[in-house]
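Inside the fold
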Amino acid sequence: MAVLRFPDTDRTIENESEILAELAALGIDYERWDLSRVGADSTAEAVLTAYADEIEELKRRGGYQMADVIDVYPETPGLDAMLARFDKEHTHAEDEVRFILAGRGIFFLNIAGRVASVEVGPGDMLRVPRGTTHWFTLCEDRRIRTVRWFQDTTGWTPYYTGSGVDQGYQPLCFGPAYLGPRVQTTISA
Ligand SMILES: [Fe+2]
């Protein structure tokens with residue numbers, strides 16, 4: 001479940017329908033996908049097979065050509081350089097579409113002069129439209145496994161704004177440790 005924050009006003013939203021509404025108003029697609037079809041040890045091929053229908057549907061909707069699965073661990077070679085590419089404010093010439101299978105990361109979106117952060121975790125699908133000013137980093141455990149869709153690998157090129165806005169925001173993740181108090185109680189009728 002994502003956590004949406006507006007850091008400038010210290011406003012945090014954790015209710016799914018409110019997150020959906022706020023992100024829709026910003027032009028950001030957000031969905032919750034069922035994770036029960038795959039396990040932590042599922043291969044990339046098994047993930048792509050398990051979600052083939054959803055992956056194809058998104059390809060049709062967004063005009064994406066390909067999808068893959070990327071695994072990032074703290075020990076991934078070149079991780080610092082990879083994170084440094086994307087943790088400064090930038091845009092892309094294509095959509096940034098992610099379905100998070102494991103780990104957590106935080107997208108900062110700078111839209112219409114207002115910064116929002118979306119901490120994404122397992123089961124979150126997020127689509128940041130091309131041209132959206134944003135930056136991204138991982139949470140403290142530096143782990144993420146995600147499905148990515150893309151039109152063209154050259155679209156991953158970050159075009160930096162050089163605004164320095166990213167310097168003013170700490171990538172504070174609530175992280176898995178924060179999940180405890182958010183356990184929902186089922187009330188039977
Ligand atoms: Fe990006």
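Check the entry above for the structure.
A short tour of the structure in this document, coming up. (Residues numbered from 1 in each chain as written. Predicted model: local features only at pLDDT ≥ 70, side-chain atom pairs only at ≥ 80, totals over all residues. Heavy atoms only, no water.)

Across its full length, the protein chain holds 4 helices and 12 strands. Rg of the C-alpha trace for the protein chain: 16 Å, near the compact-globule value of 16 Å for 189 residues, within the 12% margin. Across its three principal axes, the protein chain shows a C-alpha extent of roughly 50 × 40 × 35 Å. Taken together, the 19 basic and 30 acidic charged side chains of the protein chain have centroids lying 1 Å from each other. (Helix = DSSP H or I, 4+ residues; strand = E, 2+ residues; numbered from the N terminus. Rg over C-alpha atoms; globule rule 2.2 N^0.38 Å. Lys, Arg positive; Asp, Glu negative; His and termini not counted. Charge placed at Lys NZ, Arg CZ, Asp CG, Glu CD.)

The buried fraction of strand β8 (residues 114–120) is high, at 6 of 7 residues. Two elements, strand β1 (residues 3–6) and β8, share 3 bridges in a ladder whose sense is antiparallel. What sits directly across from L4, in β8, is V118. Note that strand β7 (residues 105–111) and β8 share 7 bridges and pair antiparallel. Looking across to β8, one finds that I111 is bridged to R114. (Buried < 20%, exposed > 50% of the residue type's maximum accessible area, 1.4 Å probe, protein only. Pairing = 2+ DSSP bridges.)

On to the sheet that holds strand β3 (residues 29–32), then. Within the open sheet, the 5 strands sit side by side as β3-β9-β6-β11-β4. Their pairing is antiparallel. Among the strands making up the open sheet, the edge pair consists of β3 and β4 (66–72). For this sheet, the mean inter-axis angle between neighbouring strands, taken without regard to orientation, is 20 degrees. (Axes fitted to C-alpha atoms, helices over the stretch in contact; angles between N-to-C directions.)

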